[in-house]
Amino acid sequence: MKLLTMLETRLGRLPRFLVAGGGATLIHWLTMWALVQTGVDARVATSIGAGVGLLVNYLAQHRFTFESNLAHGVAFPRYLAGAALGWVLNLVAFSALIGAGAGIVWSQGIATAVVALANFLFAQRFVFHEAPDETPE
């Protein structure tokens, strides 16, 4: 954990964001794999896995990455808006790169990096952003 602490000092919450997101992605894939092994159609399995991953990622980002005190009734709708924007950004970036002649793997790799950075900034500045205490003195 010393490495994580050192990275946090230099990069802020980004390392925790990446660890939480990576863990959620792993949960998505494991859920999908388990469902496919039981005979569930792969498209249904990945959809369910993505939903489970989304919930795991939200909880990890809320508690672990941003240590947010926002109520889930406020933070979760914001998170869903960010997830929808990330989905659209991924599609646009991937489509643009494919259209420019990049291969599928390169296109998805670049799109994933762009979306991860955009999601981090959106989460930090909007999803889990808490207004300063405005209590009058």
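This one's a predicted model, so the numbers in the text were calculated from it and none came from an experiment.

1. A few points about the overall build of the protein chain
Along its length, the protein chain carries five helices and zero strands. Along its sequence from the N terminus, the protein chain presents helices and strands in the succession α-α-α-α-α. Sorting the 137 residues of the protein chain into buried and exposed places 23% on the buried side. Just so you have it, the protein chain exposes about 9,100 Å², and 70% of that area is on carbon and sulfur atoms.

2. Considerations on the packing of aromatic side chains
Summed over the entire model, instances satisfying the criterion amount to eight aromatic pairs. Members of the aromatic cluster, connected to one another through ring pairs, are F17, Y58, F66, F76, Y79, F120 and F128. In this structure, R16 is placed above the aromatic ring of F64, and the distance from its NZ or CZ to the ring centre is 4.6 Å. Residue placement shows R78 over the ring face of F126; its charged tip is 5.0 Å from the ring centre.

3. Some thoughts on the environment of I27
Residue placement: I27 occurs in helix α2 (residues 14-37). The spacing of I27 and V56 is 29 residues in sequence and 7.8 Å in space, taken between C-alpha atoms. The contacts of I27, once residues within four sequence positions are left out, are V52 and V56.

4. As for the nonpolar core
Counting residues in hydrophobic clusters, the biggest one holds 10 residues: F17, Y58, F66, L70, A75, Y79, F120, A123, V127 and F128. Elements represented by at least two residues in this core include exactly α4 (72-99) and α5 (104-127). Among the elements that make up this core, the one with the highest residue count is α5 (three residues). Once you skip the residues sitting within four places of it in the chain, Y58 turns out to touch H72, A75, F76, Y79 and F128.

5. Let's talk about α5
Of the positions making up α5, those classed as buried are S107, A111, V115, F120, A123 and V127. Along its buried surface, α5 packs onto α2 and α4.

6. Examining the UniProt feature "transmembrane region" (unreviewed entry) in the protein chain
This chain's UniProt record puts "transmembrane region" (unreviewed entry) on residues 16-36, 42-59, 79-98 and 104-122. The distance separating the terminal C-alpha atoms of residues 16-36 is 30 Å; by composition the span is 100% helix and 0% strand. Annotated as residues 104-122, this span is 100% helix and 0% strand, and its ends, taken at the C-alpha atoms, are 26 Å apart.

7. Details of the packing of helix α3 (residues 42-65) against α4
Running from N to C, α3 and α4 point in directions that differ by 120 degrees, and their axes come no closer than 11 Å. Classified by the angle their axes make, α3 and α4 are oblique. Read as a crossing pair, α3 and α4 show a hand that is right-handed. For the pair α3 and α4, contact is made by L54, L55, N57, Y58, L59, H62 and R63 and by H72, A75, F76, Y79, L80 and A83, respectively. Here the contact of α3 with α4 is composed, by residue class, of nine nonpolar, three polar and one charged.

Cut-offs applied
Residues numbered from 1 in each chain as written. Predicted model: local features only at pLDDT ≥ 70, side-chain atom pairs only at ≥ 80, totals over all residues. Heavy atoms only, no water. Helix = DSSP H or I, 4+ residues; strand = E, 2+ residues; numbered from the N terminus. Buried < 20%, exposed > 50% of the residue type's maximum accessible area, 1.4 Å probe, protein only. Areas by Shrake-Rupley, 256 points an atom, 1.4 Å probe, with all protein chains shown as cover. Phe/Tyr/Trp six-rings, centres within 6.5 Å; stacked < 30°, edge-to-face > 60°. Lys NZ or Arg CZ within 6 Å of the ring centre and 35° of its normal. Contact = heavy atoms within 4.5 Å. Core = buried A, V, L, I, M, F, W, Y, C linked by side-chain atoms within 4.5 Å. UniProt positions renumbered as here; feature names shortened; annotations may be inferred. Axes fitted to C-alpha atoms, helices over the stretch in contact; angles between N-to-C directions. Parallel < 35°, antiparallel > 145°, perpendicular 65-115°, else oblique. Left-handed = near helix turned anticlockwise from the far one by under 90°. Nonpolar A, V, L, I, M, F, W, Y, C, P; charged D, E, K, R; others polar.

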